[in-house]
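Residues per chain, in single letters:
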Amino acid sequence: MTYAITQTCCNDATCVAVCPVNCIHPTPDEPDFGRTEMLYIDPKSCIDCGACADACPVDAIFPADSLAVGQEPYAALNAAYYEQRGPRPAPEDGPTFHAWGAPSFARSLPSDFGPIRVAVVGTGPAGMYAAEDLLLHTTAEVTLVDRLPVAGGLVRYGVAPDHPATKRIGDAFARFHTHPRVRMYLGVDVGTDVTAEELAAHHDAVVYAVGAATDRRLGIPGEDRTASVSATAFVAWYNAHPEVAPDAIDLSGAERVVVVGTGNVALDVARILVSDPGTLAATDIADHALAALRASAVREVVLLARRGPEDVSCTAPELLALGRLPGVRVVVDDHDPRVWAAVEAAAAHEKAALLGGAVRERVDWSERPGTERRIVFRFHSAPEEILDGAVRVTGEGESAEIPAGLVLRAVGYRGLPVAGLPFDEATGTVPHENGRVEGRPGTYVVGWIKRGPSGGIGANRTCAAETVGTLLADAVDGVLPVPAGSARAFDRLARSRAGTVVDARGLAAIERAERARGEESGRPRVKLGTLPELVAAARGRRRLLR
């Protein structure tokens, strides 16, 4: 028996570190790491020890011979990676264990190296991987700062509610919230409540992990119509983000929704729109979103792609998941001869081949959606204009209007300028060198604000390792600015400026309140969706939550 990595792989390589036979690739020191959609177990090398499954933070690894229904293709997907990779090297001496390389001590610090105080701005995956690295490998004191009164970032507000296993990475981060060398300041906005200069003056170093908070624009007429919404806003809406109003999305008159894009976010929103609300009711989806989906008239979601199926930008696991949606048909619009030709010509390991099981149909857009729920891929169709109740698209010498009650733009995220830091408008990132911000000694970046919106949750682990490595090298070289203020002084400053500061105890109270609400309705949790509710829960004022 061998093990296989499945859909929820987070790519953070925790499994690689514990594998005794080096059968999981790509590893962080291989060129393909960060470029592949997931990690893969070599079935010819796996010795069935199960160490990887025990270590996986998102429960993505299972015995290949007992995969759940719908997960069976992952055994072949893991094996196919090694068939493409070419012949494996001959085994080293010894029947089982491989020869490891020379030991590396990336966090080797001088014995007299004293503790430093580091602020991490942002409590999503990038920020928490940076905090984890500092706490596990140094004696640093870490100040966690977030503008929202609750931690989690992308894990809480970006992961689709029907992906609960992916959210489990948050449990791994949560153990550091109460670490004895951590101080938490949630509800403190750097740039408003405290300036970047004030934050720096109270810490040896500051690491910004603020992500990419807005969406890329299409740059076409009609993009700002009422029925045109960014996918980032839609995702925030169904995840109960407190800065997106419950009535921000109107599904009441939409039978067909057009989603521009074929990335993972596009597939997430398409899947949520056509999923059975009864199934979603068992997740932590926002109450207002669940109610809207129950009353929704949406029966068809069209995924619009400028290029062909060979260039689909979602990952293979997400594409595979669409085919397992109960009661939902996946259709490929056969309007262009290049589309199905690409599907049929795709090799077994290519994503386009996964569409071979879809229904091939020339869709008549003049007809209203039928009674069945379905997702339609429309390739080689660039959006030209968003009209009142339709989207005009153009392809190879043809134009069409696709009627739609709602248009969701899912063409990528984009970072916003950070107060007090330089900003590259072209890339939506902060200029840096290996994480060190140009012209700002003691200031660093990690995650999407550092490298752009690429890579999933686990990609932030190696990104954080690079940034923390740079920070520690600067500390050893003695080039970090000496903080003028103490930790106690920053505590007084933050509490005097911010309306309410939520600490680790308050965060735990929010967690208890949400889980208690979930128990009342048979759900894992019911999220608090407004800032006052979150603050009230942090203070333990449950009576305000009823």
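Now for a look at the structure at hand. (Residues numbered from 1 in each chain as written. Predicted model: local features only at pLDDT ≥ 70, side-chain atom pairs only at ≥ 80, totals over all residues. Heavy atoms only, no water.)

### Brief notes about the overall build of the protein chain
For the protein chain, the helix and strand inventory stands at 19 helices and 23 strands. Its C-alpha atoms give the protein chain a radius of gyration of 24 Å, near enough to 24 Å, the size a compact globule of 546 residues would have. For the C-alpha atoms alone, the extent of the protein chain along its principal axes is close to 70 × 65 × 45 Å. Within the span of the protein chain, comprising 546 residues, buried residues form 55% of the whole. Taking contacts inside the protein chain between residues at least 6 apart in sequence as the whole, the part at least 24 apart equals 74%. Approximately 23700 Å² of the protein chain is accessible, and the part contributed by carbon and sulfur atoms is 51%. One way to put it: in the protein chain the 56 positive side-chain charges average out to a point 6 Å from where the 70 negative ones average out. (Helix = DSSP H or I, 4+ residues; strand = E, 2+ residues; numbered from the N terminus. Rg over C-alpha atoms; globule rule 2.2 N^0.38 Å. Buried < 20%, exposed > 50% of the residue type's maximum accessible area, 1.4 Å probe, protein only. Contact = heavy atoms within 4.5 Å. Areas by Shrake-Rupley, 256 points an atom, 1.4 Å probe, with all protein chains shown as cover. Lys, Arg positive; Asp, Glu negative; His and termini not counted. Charge placed at Lys NZ, Arg CZ, Asp CG, Glu CD.)

### Quick word on the packing of helix 9 (residues 231-238) against helix 10 (residues 264-274)
Taken N-terminus to C-terminus, the directions of helix 9 and helix 10 make an angle of 50 degrees; their axes are 10 Å apart at the nearest point. When the axes of helix 9 and helix 10 are compared, the pair comes out oblique. For helix 9 against helix 10, the interelement crossing comes out left-handed. Each of A231, F234, V235 and Y238 in helix 9 lies in contact with helix 10, whose residues at this interface are V265, D268, V269, I272 and L273. Partitioning the contact of helix 9 with helix 10 into residue classes produces eight nonpolar, no polar and one charged. (Axes fitted to C-alpha atoms, helices over the stretch in contact; angles between N-to-C directions. Parallel < 35°, antiparallel > 145°, perpendicular 65-115°, else oblique. Left-handed = near helix turned anticlockwise from the far one by under 90°. Nonpolar A, V, L, I, M, F, W, Y, C, P; charged D, E, K, R; others polar.)

### Some words on the packing of aromatic side chains
Counted according to the given criterion, the structure contains eight aromatic pairs. Considering the side-chain rings of Y81 and Y82, the 5.1 Å spacing of their centres and the 90 degrees angle between planes classify their relative orientation as edge-to-face. The class of Y81 is buried, set by a relative accessible area of 10%. Site record: aromatic cluster; members linked through ring pairs are Y40, Y81 and Y82. (Phe/Tyr/Trp six-rings, centres within 6.5 Å; stacked < 30°, edge-to-face > 60°.)

### What about the sheet that holds strand 12 (residues 300-304)?
If you walk across this open sheet you meet the seven strands as 10-19-11-12-15-13-14, and the pairing is parallel. Every other strand in the sheet has two partners, leaving strand 10 (228-230) and strand 14 (359-361) as the edge strands with one partner each. Neighbour-to-neighbour, the strand axes of the sheet open up by a mean angle of 25 degrees, direction not taken into account. Judged from the five bridges that link them, strand 12 and strand 15 (residues 373-378) form a sheet pairing that is parallel. Note on strand 15: the bridge partner recorded for E300 is R374. (Pairing = 2+ DSSP bridges.)

### Remarks on the sheet that holds strand 16 (residues 382-387)
An order of 16-17-18 is seen for the three strands of this open sheet, with the pairing classed as antiparallel. Looking at which strands have only one partner, the edges of the open sheet turn out to be strand 16 and strand 18 (399-403). Within this sheet the neighbouring strands show an average axis-to-axis angle of 25 degrees, counted without direction. Sheet topology places strand 16 next to strand 17 (residues 390-394); five bridges connect them, and they run antiparallel. When the bridges of strand 17 are listed, L387 appears paired with A390.

### Here we look at the side chain of N78
You can see N78 is positioned in helix 3 (residues 73-85). Overall, the relative accessible area of 1% leaves N78 in the buried class. A distance of 3.0 Å separates the side chain of N78 from the backbone oxygen of I5, its partner in a polar contact. A polar contact is formed between the side chain of N78 and the backbone nitrogen of I41, at a distance of 2.8 Å. Contact partners of N78, with chain neighbours within four places excluded, come to A4, I5, M38, L39, Y40 and I41. (Polar contact = N/O pair within 3.5 Å; in protein donor to acceptor, adjacent residues only side chain to side chain.)

### Some details on the environment of R525
Along the chain, the position of R525 falls in the loop between helix 18 (504-521) and helix 19 (531-538). Excluding residues that lie within four positions of it along the chain, R525 makes contacts with R156, T283, D284, E511, E514, R515 and G518. A polar contact of 2.7 Å, which involves the side chain of R525, links it to the side chain of E514.

### Here we look at the packing of helix 18 against helix 19
The contact between helix 18 and helix 19 brings their axes to 7 Å, and the two run at 110 degrees. When the axis of helix 18 is compared with that of helix 19, the two are roughly perpendicular. Taken together, the residues of helix 19 that come into contact with helix 18 (itself represented by G506, A509, I510, A513 and E514) are L534, A537 and A538. Among the residues forming the contact of helix 18 with helix 19, the class breakdown is six nonpolar, one polar and one charged.

### A closer look at helix 3
Residues three or four positions apart in an α-helix share a direction because the helix packs 3.6 residues into each turn. Taking 1.5 Å of rise per residue, the 13 residues of helix 3 would be expected to cover 18 Å, and the 19 Å separating its terminal C-alpha atoms lies within 8% of that figure. Taken together, the buried residues of helix 3 touch strand 1 (3-5), strand 2 (24-25), strand 3 (40-41) and helix 13 (316-322). (Expected span 1.5 Å × (residues − 1).)

### With respect to the side chain of R117
One can find R117 in strand 5 (residues 117-121). Buried charge without a partner: R117 forms no salt bridge, and the closest opposite charge is E141, 4.7 Å away. Polar side-chain contacts of R117 include one of 2.9 Å to the backbone oxygen of H202. What R117 contacts, discounting residues up to four positions off in sequence, is E141, H202, H203, D204, A205, P483, G485, S486 and A487. (Salt bridge = Lys/Arg side-chain N within 4 Å of Asp/Glu carboxyl O.)

### Looking at the environment of T14
Structurally, T14 can be placed in helix 1 (residues 14-18). Here the alpha-carbon distance between T14 and C52, two residues 38 residues apart in the chain, equals 7.8 Å. The residues contacting T14, other than those within four sequence positions of it, are A55, P57 and R461. In terms of polar contacts, T14 uses its side chain to reach the side chain of D12, at 3.0 Å.

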